[in-house]
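Each chain, written out:
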Amino acid sequence: VLQNNDFLRNTVHRHEPPVTAQPIQILVEDDEVVVVDKPSSLPVHPCGRFRHNTVIFILGKEHDLKELHTIHRLDRMTSGVLMFAKTTEVSKRIDEQVRERQLEKEYVCRVVGEFPEHEVVCEEPILVVSYKVGVCRVDPKGKFCKTIFQRLSYNGKTSVVKCLPRTGRTHQIRVHLQYLGHPIVNDPIYNMEAWGPDRGKGGKIDKTDEELLKALVEEHRSKQSLDVLGISEEDLNSNAENKDCGNSSDCAKSVQADPINESSGPAEDTKDPEGNDVATCPPNSDSNLETLQKNTELGSCENRDGEMGEKSSEEKDPLCVECKMTRRDPSPKELVMYLHALRYKGAEFEYCSKMPEWAMEDWEE
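Being a predicted model, the structure only gives us computed values, none of them experimental.

**Here we look at the overall build of the protein chain**
Of the regular secondary structure elements, the protein chain holds seven helices and twelve strands. Looking at the protein chain residue by residue over its 365 residues, the buried ones come to 52%. A separation threshold of at least 6 residues defines the contact pool for the protein chain, and within that pool the share at least 24 residues apart is 68%. Carbon and sulfur atoms make up 47% of the accessible area of the protein chain, which amounts to about 18300 Å² in all.

Written as structure tokens, this is what we have:
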């Protein structure tokens, strides 16, 4: 029981996942809105393990833009046009346009293979496998959605495709492209072997949802790319150490809920036209995931901790006095996904960004 003059201190040791050093370019700023060209790998606002490395924090610290209202959101790995309102009135006005479907969004992406030359319309319903993990798939029980695709160019290996989402479901563009058999070239969720030999084409997965999540975690772990998805081996190790904590609040909160969460989170644009505004970052607790990690991670983590033993005390992170972990720096290309919000248009505004380098016709990997 706390008494007067007792002093209580809670120290949290946190490392944010790496993000790009590419600056946030301000496209438009006036009395009503701020419009930026968001780089890939940055979440829009604090969530999960991200605090400082977010668009909202950076705009506040580097441009003194405070108290911005989020109008729409982009995936952490999606780049492009992102709008903020400066006042509640402006935010409400644009929200009204969102609800009445008066906003047009245009994306560009680079996909695997030769996309059909003619216009392709995909209306497959999308179901969220797990909000907390941030994975969706095509399923008859899902919500209606519609995306129009038009090929812009083909370089013999990959195609640049224009995408016009007519609804705003979670990961809609990415899931529809996967279903059509042309996933985004470097999509860290929907272009993975975990989906099976056809990588989810035609909705063919042949795995339960739990098996799919487990396979995705394992695949990223084997590629040492967990950090790109917002988690690291430390998180998994700390889960092993804290497995007896239960729900006790004094246990370090690791990202046990988010093994493959991208924002993590939702969609290219998560203001659902039907009013279901998906939370961009899930809370850090998911019982399914706890089970998943106990099944997939604990044994190997504990063994490795044992093996490291004395060695780990020498391998300190030069940037952190607390750490006995070495961290792998991701390459710049690991922090980019080839999906870009090119244009955002409403009743009285239209904002565009430049075409990204990877979307040029003569671009080569």
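Anyway, onward from the coordinates.
**Some remarks on the packing of aromatic side chains**
Counting across every chain of the model gives five aromatic pairs. Between the aromatic rings of Y338 and W363, the centroid separation amounts to 5.4 Å while the plane-to-plane angle is 80°, which identifies the pairing as edge-to-face. Highlighted residues: Y338 in the loop between α7 (298–314) and β11 (339–345) and W363 in the segment after β12 (350–352), separated in sequence by 25 residues. Plain terms: the ring middles of F349 and Y351 are 5.4 Å apart, the flat faces sit at 15° to each other, and that makes the pair stacked. Accessibility classification places F349 together with Y351 in one group, the buried group. These aromatic residues form a ring-pair network of at least three members: Y338, W358 and W363.

**Quick notes on the pattern of salt bridges**
Using the criterion set out here, one finds 17 salt bridges in the structure. The shortest N-O distance in the salt bridge between R343 and E104 comes to 3.6 Å. Of the two residues, R343 sits in strand β11 while E104 sits in strand β5 (residues 104–112), which places them 239 residues apart along the sequence. Assessed through its relative accessible area of 15%, R343 is described here as buried. Here E104 falls in the partly exposed class, since its relative accessible area comes to 35%. Each of E104, E106, R343 and E350 takes part in a single network of salt bridges with overlapping partners.

**Let's talk about the environment of E364**
Secondary-structure assignment places E364 in the segment after β12. Since its relative accessible area comes to 65%, E364 is described here as exposed. Sequence spacing of E364 and N155 is 209 residues, and the spatial spacing of their C-alpha atoms is 8.0 Å.

**Section: the environment of R99**
When you line up the elements, R99 lands in helix α2 (residues 88–99). With relative accessibility at 48%, the residue R99 sits in the partly exposed group. Looking at R99, its side chain comes within polar contact range of the side chain of E96, at 2.9 Å.

**Things to note about a nonpolar patch on the surface**
On the surface, L152, M355 and M360 cluster together to form a nonpolar patch covering roughly 240 Å² of accessible area. Among the secondary structure elements, M360 is positioned in the segment after β12. With a relative accessible area of 37%, M360 lands in the partly exposed category.

**Section: helix α1 (residues 55–63)**
The periodicity of an α-helix, 3.6 residues per turn, causes residues three or four places apart in sequence to face the same way. Within α1, burial applies to V55, I58, L59 and G60. At its buried positions, α1 is contacted by β2 (33–38) and β4 (79–85).

**Re the UniProt feature "active site" (unreviewed entry) in the protein chain**
If you check UniProt for "active site" (unreviewed entry), the listed places come out as D75 in our numbering. Turning to its location among the elements, D75 is positioned in the loop between β3 (69–70) and β4.

**A word on the confidence of the model for the protein chain**
Detailed reading of predicted coordinates is not advised where the pLDDT is low. Averaged over the protein chain, the pLDDT score is 79; the fraction of residues at 70 or greater is 73%. Element-level mean pLDDT values for the protein chain span from 39 in α7 up to 97 in strand β6 (residues 120–122). For residues 243–267, every residue scores under 50 in pLDDT, and the model assigns this stretch 83 contacts once sequence neighbours within four places are set aside.

**Looking at helix α4 (residues 209–222)**
A rise of 1.5 Å per residue sets the reference length of α4, with its 14 residues, at 20 Å; its end C-alpha atoms lie 20 Å apart and thus fit the reference within 8%. Along α4, the positions that sit buried rather than exposed are L212, L213, A215, L216, V217, E219, H220 and R221. Looking one or two residues beyond α4, the residue adopting positive phi is Q224, at roughly 55°.

**What about the pairing of β2?**
Most of β2 sits out of view: six of its six residues are buried. As judged from the four bridges shared by strand β1 (residues 25–29) and β2, these two strands associate in the antiparallel manner. If you follow V28 over to β2, its bridge partner there is V35.

**Here's the deal with unusual backbone geometry**
One non-glycine residue with positive phi stands out, namely S41, at about 90°. Structurally, S41 can be placed in the loop between β2 and α1. Backbone geometry at H171 places phi at a positive 55°, although glycine is not the residue there. By the secondary structure assignment, H171 is in the loop between β10 (158–165) and α3 (172–179). Residue H171 is classed as buried on the basis of its relative accessible area of 0%.

Here is what the cut-offs are and how they apply
Residues numbered from 1 in each chain as written. Predicted model: local features only at pLDDT ≥ 70, side-chain atom pairs only at ≥ 80, totals over all residues. Heavy atoms only, no water. Helix = DSSP H or I, 4+ residues; strand = E, 2+ residues; numbered from the N terminus. Buried < 20%, exposed > 50% of the residue type's maximum accessible area, 1.4 Å probe, protein only. Contact = heavy atoms within 4.5 Å. Areas by Shrake-Rupley, 256 points an atom, 1.4 Å probe, with all protein chains shown as cover. Phe/Tyr/Trp six-rings, centres within 6.5 Å; stacked < 30°, edge-to-face > 60°. Salt bridge = Lys/Arg side-chain N within 4 Å of Asp/Glu carboxyl O. Polar contact = N/O pair within 3.5 Å; in protein donor to acceptor, adjacent residues only side chain to side chain. Patch = residues over 30% accessible without salt bridge, like charges linked within 9 Å, V, L, I, M, F, W, Y side chains within 5 Å. UniProt positions renumbered as here; feature names shortened; annotations may be inferred. pLDDT = per-residue confidence, 0-100. Expected span 1.5 Å × (residues − 1). Pairing = 2+ DSSP bridges.

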